[in-house]
Amino acid sequence: MDAGWELLQQRGMWAWQRGLLFMAEESWSQWRAEARRTGSRLQEARSLNALGCVEFALGRLEQAEAMWLSASRLIESDPGATPVDWVQVMTNRALVAFRRGRLADAKQYVFAAQRCCDQVHPELVARVQQSASSILVALGSWEEAEATARQALRLFEETGDRVRAAHLLSNLGSVEIERGNFETARQYLENARDVLQSAGRETDLGCTYTELGRLWFVAGDVNKAAACGSEALRLLWSNVLSVHKMEAARLSELFGAIALAVGDRHSALIDLQRASAYFAQASMWREWSRVNRQLDALLEQRSGPQEVFVSGAGIHPECNERLRYLATLLDLLDSIESLYPELRFRAELAAWYALLLGEAYGLDQEEREALAHAAKLQDVGLASLEPEIMDGSRPLSRAAQDRVRAHPTFGEQIVSLFPVPAACRDAIRHHHERYDGRGYPDGLAGEDIPHLARIIAVASTYVHDAVEWGHRHAMENLVRQRGRALDPVLVDHFIALHEGACNPRATGASGPSPLPGAGGLGAQGVRTFGRA
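Residues numbered from 1 in each chain as written. Predicted model: local features only at pLDDT ≥ 70, side-chain atom pairs only at ≥ 80, totals over all residues. Heavy atoms only, no water.

**Quick notes on the overall build of the protein chain**
- Along the backbone of the protein chain there are 25 helices and zero strands.
- Among the 532 residues that make up the protein chain, the fraction classed as buried is 57%.
- At a minimum sequence separation of 6, the contacts of the protein chain that also span at least 24 residues come to 67%.
- Carbon and sulfur atoms make up 49% of the accessible area of the protein chain, which totals about 21400 Å². (Helix = DSSP H or I, 4+ residues; strand = E, 2+ residues; numbered from the N terminus. Buried < 20%, exposed > 50% of the residue type's maximum accessible area, 1.4 Å probe, protein only. Contact = heavy atoms within 4.5 Å. Areas by Shrake-Rupley, 256 points an atom, 1.4 Å probe, with all protein chains shown as cover.)

Here it is in structure tokens:
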């Protein structure tokens with residue numbers, strides 16, 4: 001590889017591995033430009049594969065798919081391409097097809113990758129087989145799913161990748177539930193739980209608890225199912241930034257089934273209707289059909305005699321309330337997106353960067369949880385405004401400007417209806433304050449502004465500029481706003497997050513894994529910013 005290309009590729013990988021998406025995008029865009037300038041189809045293909053990963057992580061699935069399609073065509077036409085190039089890009093194409101609900105296409109692409117697996121290194125083979133296993137589970141092809149999962153599990157155990165091995169254990173547990181082998185399923189899922197717990201992978205752990213709840217429910221133990229469902233909710237609630245609707249759908253289905261089993265038909269109807277809607281939005285049609293059959297049966301029962309089917313404690317009312325809040329949070333984000341499509345995308349990215357900054361700043365778990373909720377819901381008050389106020393087609397009247405400036409207080413009032421901590425409400429109210437005291441709604445200055453609001457302000461400023469003009473411009477603007485609009489200490493922390501890229505450690509030349517820290521489809525699928 002040319003030294004210039006190699007430096008750009010490695011700089012982007014350094015940023016990618018740390019979740020610094022816009023910095024990775026900038027580096028790999030420069031890599032692509034250099035490849036096109038010199039006429040290297042192979043380097044252009046590799047840079048497109050890398051850029052597609054950024055687009056995928058940002059939730060821009062159409063753009064990611066287009067980049068990976070272009071990369072695969074360039075690889076096919078270049079005699080210098082390696083099997084690794086082909087396997088990576090086809091696995092990525094399977095990834096995005098899976099995410100968009102096109103399971104037949106996903107299977108075709110991952111099978112195309114599998115045909116070259118005898119020519120690539122074992123770790124990549126394991127990731128391909130991991131993705132294939134998840135696709136086959138989604139298709140209900142249990143025997144094929146088990147075979148590929150076992151092969152990938154063996155390879156991950158050989159390489160010592162315990163987290164990816166845990167994903168495969170979860171897949172095997174799902175297969176055994178469908179086969180009715182409950183004891184074997186329990187062993188797989190509990191092993192996966194223990195590994196993820198020791199690794200601190202709380203979101204994946206929450207999904208595993210949901211599957212354990214499903215296991216106990218179909219095995220006939222409603223109380224254990226309720227306990228697992230409550231623990232899943234606690235974990236997903238604490239990691240709201242990474243919760244996708246497919247996870248909320250699975251948990252809602254479990255809660256609905258438990259409610260129905262203990263005779264709470266009202267809660268069952270609410271939870272199952274939510275699960276149906278979320279499965280449809282995630283293009284999970286097999287699951288959607290299953291839930292709708294449950295809904296049909298429930299509606300038929302509502303016209304018959306009222307009876308309790310199973311004796312059990314069921315879900316604690318506080319957990320039901322929390323699940324409904326989580327669903328309401330997701331629905332509020334949908335409402336904002338329907339009115340102002342870019343706002344949700346930017347709020348979720350701002351939450352991502354706010355958490356990176358909050359961790360560097362030393363926030364504890366409780367503060368990070370409040371920060372994630374506040375950053376995602378920072379502009380929920382805009383839902384109270386008429387769309388024409390926000391369309392930017394004409395100058396706003398003084399009254400309209402005042403209404404826009406009041407949206408933080410509207411947002412605070414909205415979230416006050418739900419069980420969120422005071423720190424979350426305060427951060428939403430004050431995220432438009434300025435360090436120099438010239439912000440709104442209360443004109444607070446300096447450290448009188450709640451520290452979570454100051455973190456959100458830095459992250460939101462960076463994301464806004466990075467989306468519009470790119471990483472470099474965004475960083476320059478942070479420096480300009482340091483001590484004016486933004487907390488200078490927090491700006492310094494944010495800049496420090498991006499230091500070290502001039503001398504990144506070598507990471508190879510073929511491009512990144514499909515997602516930071518993932519490298520393939522886990523048992524619960526994949527997560528992105530924005531909607532599918």
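**Structural notes on the environment of Leu486**
- With respect to the helices and strands, the residue Leu486 is situated in the loop between helix H24 (471-481) and helix H25 (488-497).
- Taking the C-alpha atoms as reference points, Leu486 and Asp436, 50 residues apart in sequence, are found 8.0 Å from one another.
- Once you skip the residues sitting within four places of it in the chain, Leu486 turns out to touch Tyr435, Ala457, Val458, Thr461, Leu478, Gln481 and Val491.

**Digging into the confidence of the model for the protein chain**
- Residues with a pLDDT of 70 or more make up 84% of the protein chain, whose mean pLDDT is 85.
- When the elements of the protein chain are averaged for pLDDT, helix H19 (residues 387-390) gives the smallest value, 64, and H24 the largest, 97.
- Of the regions scoring below 50 in pLDDT, residues 305-312 engages in 17 contacts with residues more than four places distant in sequence or in other chains. (pLDDT = per-residue confidence, 0-100.)

**Describing the nonpolar core**
- Judged by nonpolar contacts, the single largest core of 131 residues is most densely connected at Trp16, Trp28, Tyr353 and Tyr462.
- Of all the elements, helix H5 (residues 83-99) adds the most residues to this core, at 10 residues.
- By size, the runner-up hydrophobic cluster in this structure holds 17 residues, among which are Ala248, Ala249, Ala275 and Ala282. (Core = buried A, V, L, I, M, F, W, Y, C linked by side-chain atoms within 4.5 Å.)

**What to know about the pattern of salt bridges**
- Going through the model one piece at a time under the given rule, you end up with 35 salt bridges.
- Where Glu26 meets Arg472, a salt bridge forms, and the shortest distance between an N and an O atom there is 3.6 Å. Of this pair, Glu26 sits in helix H2 (residues 21-38) while Arg472 sits in helix H24, and the two are 446 residues apart along the sequence.
- Residue class for Glu26 comes out buried when judged on its relative accessible area of 15%.
- Note on Arg472: relative accessible area 46%, which makes it partly exposed. (Salt bridge = Lys/Arg side-chain N within 4 Å of Asp/Glu carboxyl O.)

**Section: unusual backbone geometry**
- Here the bond from Tyr440 into Pro441 is cis, since omega is 10°, no more than 30 degrees from zero.
- One can find Pro441 in the loop between helix H22 (422-430) and helix H23 (451-469).

**Overview of the side chain of Ser27**
- Structurally, the position occupied by Ser27 is in helix H2.
- Only 2.5 Å separates the side chain of Ser27 from the side chain of Arg11, close enough to count as a polar contact.
- Setting aside residues no more than four positions away along its own chain, Ser27 makes contact with Leu8, Arg11 and Gly12. (Polar contact = N/O pair within 3.5 Å; in protein donor to acceptor, adjacent residues only side chain to side chain.)

**A closer look at the packing of aromatic side chains**
- Counted under the stated rule, the structure contains eight aromatic pairs.
- Among the aromatic residues, ring-to-ring pairing joins Phe22, Tyr353, Tyr462 and Phe494 into one connected group.
- One residue, Arg93, lies across the ring of Tyr109, its end atom 4.4 Å from the ring centre.
- The cationic tip of Lys224 hangs over the ring face of Trp216; the distance from NZ or CZ to the ring centre is 4.4 Å. (Phe/Tyr/Trp six-rings, centres within 6.5 Å; stacked < 30°, edge-to-face > 60°. Lys NZ or Arg CZ within 6 Å of the ring centre and 35° of its normal.)

**Here we look at the side chain of Ser170**
- Within the element layout of this structure, Ser170 appears in helix H9 (residues 162-179).
- Under the relative-accessibility criterion, Ser170 is labelled buried at 3%.
- Reaching out from Ser170, the side chain makes a polar contact with the side chain of Thr208 at a distance of 3.5 Å.

**Focus: the packing of helix H7 (residues 122-139) against H9**
- Between H7 and H9, the shortest axis-to-axis distance is 10 Å and the interhelical angle comes to 30°. In terms of their interaxial angle, H7 and H9 are classed as roughly parallel. Judged by the sense of rotation from one axis to the other, the crossing of H7 with H9 is left-handed. On the side of H7, the interface is formed by Glu123, Arg127, Gln130, Ser133, Ser134 and Val137, while H9 contributes Arg164, His167, Leu168, Asn171 and Val175.
- Of the residues in the contact of H7 with H9, the class split is three nonpolar, five polar and three charged. (Axes fitted to C-alpha atoms, helices over the stretch in contact; angles between N-to-C directions. Parallel < 35°, antiparallel > 145°, perpendicular 65-115°, else oblique. Left-handed = near helix turned anticlockwise from the far one by under 90°. Nonpolar A, V, L, I, M, F, W, Y, C, P; charged D, E, K, R; others polar.)

**Details of the packing of helix H4 (residues 61-77) against H5**
- Between H4 and H5, the least distance of the axes is 9 Å, while the angle of their chain directions is 155°. Taken as axis vectors, H4 and H5 run roughly antiparallel relative to one another. Considering the relative orientation of H4 and H5, their crossing is left-handed. Across from Leu61, Glu65, Trp68, Leu69, Ala71, Ser72, Ile75 and Glu76 in H4, the residues of H5 making contact are Asp85, Trp86, Val89, Met90, Asn92, Arg93, Leu95, Val96 and Arg99.
- Class assignment of the residues belonging to the contact of H4 with H5 gives a composition of 10 nonpolar, two polar and five charged.

**As for helix H13 (residues 245-261)**
- When the terminal C-alpha atoms of H13 are compared, their 24 Å separation across 17 residues agrees well with the 24 Å that a helix rising 1.5 Å per residue should span.
- Of all 17 residues making up H13, 17 are buried, and the element is well covered by its neighbours.
- Positive phi shows up at Gly263, right after H13, with a value of about 90°. (Expected span 1.5 Å × (residues − 1).)

**Quick look at the state of the cysteines**
- All told, the structure shown has zero disulfides when counted by the stated rule.
- Take Cys116: it sits in no disulfide, and the sulfur closest to it among the cysteines is that of Cys117, at 7.7 Å. (Disulfide = S-S within 2.5 Å.)

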